[in-house]
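Okay, here's what each chain looks like letter by letter:
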Amino acid sequence: MRKINFSAGPTGLPIQVLKKAQEEFVNYKNEGYSIMEISHRSKTYEEIHFGAMDKIRKLYGIDDSYEILFLQGGAHLQFAMIPYNLYQGGVAEYVNTGVWSKKAIKEAKQIGVDVRVVSTSEDENFTHIPDVNFSDTADYAYICSNNTIYGTQYKILPKTKSPLVIDASSDFFSKPLDFSNIALLYGGAQKNAGPSGVTIVIIKKELIERVMDDRVPTFLRYKTHAQNKSLYNTPPTFAIYLLDLNMQWLLDNGGLDKINQLNIKKANLLYDIIDNSQGFYKGHAQTNHRSLMNVSFNIVNSKLEQSFVDEAAKNNMIGLKGHRLLGGIRASIYNAVSLEDVENLADFMREFAKKNG
Ligand SMILES: *Cc1c(COP(=O)(O)O)cnc(C)c1O
């Protein structure tokens, strides 16, 4: 029996995607080989590669003024690639909303960027998205749209005159986005887009021409990958294949509008229980900054948290232990987690509170 998977990432993929991959695993479309076993220069693979890019364009409604790149090195390598490419010797502005933006800030500083942290919620343990005033003259303005550990999320993206860069690793493809103010959106695939191994970067074409200085290695330049259509070297072909299947699954299920409605419903189910638990559960994020993807909460009687996780596991639900830095409980309810799965958890939470409250 398959587990109901609330892990933060890597995490569950839709069963239809897994089944399709299983079906095609040994003999892809009767070609006589697995997709893993053929050249990334073959027509068979290219169809998948460019097919996945087309589907991403379709889902977000992205026009030709953006390039879509498939890279490696996870979101972590982007912490360096972003400044290596976009920094022009001025100032780079960052909002610090938690561990992932802090790491990005640290990396930028390490390579000599003049970083201004224009806003932070660190003194309140990242329970909210702080207000921010970006200047109009930064080389770029950087945010993390969904904070996977603390369970906070931007409801409206800030408007900026400087190019806006967004780490969307944990809310990629969870809702429609207005790209008119987005210069670069990126994320590792393993939270909500596919398996680990591929990083998706959606970047405004005019930014591809930028590079910090002429010592930046060839491989770390966006231009290298854009000019070569993300086939400069061997891409993670199997990960991109699964990404393609997952994007098709989203399209087959009504696209981002539809998944967004479902994601709102799912999150509301859990937050309602937390809010109506008469103080048994306590959410980490402030109410109007709550993430639709990662529901981080505590049991006020913290001694019960381990038995919550253990009992949930006995009931077939895994991945509920909070991040080691925050503790408590976290339910990650990405696209592949169905409404029924969340109802299951909601029932369990209600029962657990009744039994132990
Ligand atoms: C998981 C995560 C990362 C790190 O991703 P890697 O692909 O492991 O480098 C960065 N940012 C956010 C928001 C994340 O959730």
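Quick notes on the rules
- Note that residues are indexed from 1 along each chain, following the sequence as it is written.
- For this predicted model, a pLDDT threshold of at least 70 governs which residues receive local features, and a threshold of 80 or more governs which side-chain atom pairs are given and counted, while totals over whole chains, interfaces and linings are taken from all residues.
- The basis for every side-chain value is the complete set of non-hydrogen atoms in the structure, without hydrogens or water.
- UniProt positions are given in the numbering used here, feature names are shortened, and annotations may be inferred rather than shown by experiment.
- The buried label applies to any residue whose accessible area, calculated with a 1.4 Å probe on protein chains only, is under 20% of its type's maximum; exposed applies above 50%, and partly exposed to all values in between.
- A helix here means a DSSP run of H or I that spans at least four residues, while a strand means a run of E at least two residues long, and both kinds are numbered starting from the N terminus.
- For two strands to be treated as a pair, DSSP must find at least two bridges joining them.
- A side-chain nitrogen of Lys or Arg and a carboxyl oxygen of Asp or Glu constitute a salt bridge if their distance falls within 4 Å.
- This arc is taken over the directions from the axis of the helix to the C-beta atoms.
- Only heavy atoms enter the contact rule, under which two residues are in contact if any of them lie within 4.5 Å.
- Identification of polar contacts relies on pairs of N or O atoms within 3.5 Å, with a donor-acceptor requirement for protein atoms, meaning one able to donate a hydrogen and the other able to accept it, and with residues adjacent in sequence counted only if both atoms are side-chain atoms.
- For this analysis, a ring pair means two rings from Phe, Tyr or Trp (six-membered ring only for Trp) whose centres lie within 6.5 Å, classed as stacked if their planes differ by under 30 degrees, edge-to-face if by over 60, and tilted for the remaining angles.

The name given to the protein in an unreviewed UniProt entry is Phosphoserine aminotransferase, with Campylobacter majalis as the source organism. Under Sequence similarities (unreviewed entry), UniProt gives the following word-for-word description of the protein: "Belongs to the class-V pyridoxal-phosphate-dependent aminotransferase family. SerC subfamily." In UniProt, the protein has this text filed under Function (unreviewed entry): "Catalyzes the reversible conversion of 3-phosphohydroxypyruvate to phosphoserine and of 3-hydroxy-2-oxo-4-phosphonooxybutanoate to phosphohydroxythreonine."

Burial runs high along strand β9 (residues 184–188): five of the five residues are buried. Side chains L184, Y186 and G188 project from β9 onto one buried face, and the interleaved L185 and G187 project onto a second face that is buried too. Two strands pair when backbone bridges link them, and strand β8 (residues 164–167) and β9 are joined in this way by three bridges, in the parallel orientation. Opposite V165, over in β9, you have L184 as the bridge partner. As defined by bridge partners, β9 adjoins strand β10 (residues 199–204) across five bridges and the pair is classed as antiparallel. Across the sheet, the residue bridging to G187 is I200, located in β10.

What follows is about the pattern of salt bridges. Applying the stated rule across the entire model yields eleven salt bridges. The shortest N-O distance in the salt bridge between K102 and E122 comes to 2.5 Å. Of this pair, K102 sits in helix α4 (residues 99–110) while E122 sits in the loop between β4 (115–120) and β5 (140–144), and the two are 20 residues apart along the sequence.

All right, on to helix α1 (residues 15–24) then. Listed in full, the buried residues belonging to α1 are V17, A21 and E24. The buried residues of α1 occupy an angular sector of 70 degrees when projected down its axis, which confines them to one face. Opposite the packed face of α1, turned more than 90 degrees from it, sit the exposed residues Q22 and E23. Taken together, the buried residues of α1 touch α7 (237–252).

By secondary structure assignment, the location of Q78 is in helix α3 (residues 74–86). The exposure class of Q78 is buried, given its relative accessible area of 0%. Of the polar contacts made by the side chain of Q78, one reaches the side chain of Y222; its length is 2.6 Å. Look past the residues within four positions of Q78 in its chain and what remains in contact with it is L71, P83, Y186, T199, V201 and Y222.

Sheet topology note: the strand β3 (residues 92–96)/β4 ladder contains five bridges and is parallel. Each residue of the ladder has a partner; that of E93, found in β4, is R116.

What follows deals with the UniProt feature "modified residue: N6-(pyridoxal phosphate)lysine" (unreviewed entry) in the protein. UniProt's entry tags K191 with the feature "modified residue: N6-(pyridoxal phosphate)lysine" (unreviewed entry), counted in the numbering of this structure. Relative to the helices and strands, K191 is located in the loop between β9 and β10.

This paragraph deals with the packing of aromatic side chains. In this structure the tally under the stated criterion is 20 aromatic pairs. Both rings, one in Y66 and one in F179, keep their centres 5.5 Å apart while their planes meet at 85 degrees; by these two values the pair is edge-to-face. Highlighted residues: Y66 in strand β2 (residues 66–71) and F179 in the loop between β8 and β9, separated in sequence by 113 residues. F179 gets classed as buried once you look at its relative accessible area, which sits at 8%. Site record: aromatic cluster; members linked through ring pairs are F280, Y281, F297, F308, F348 and F352.

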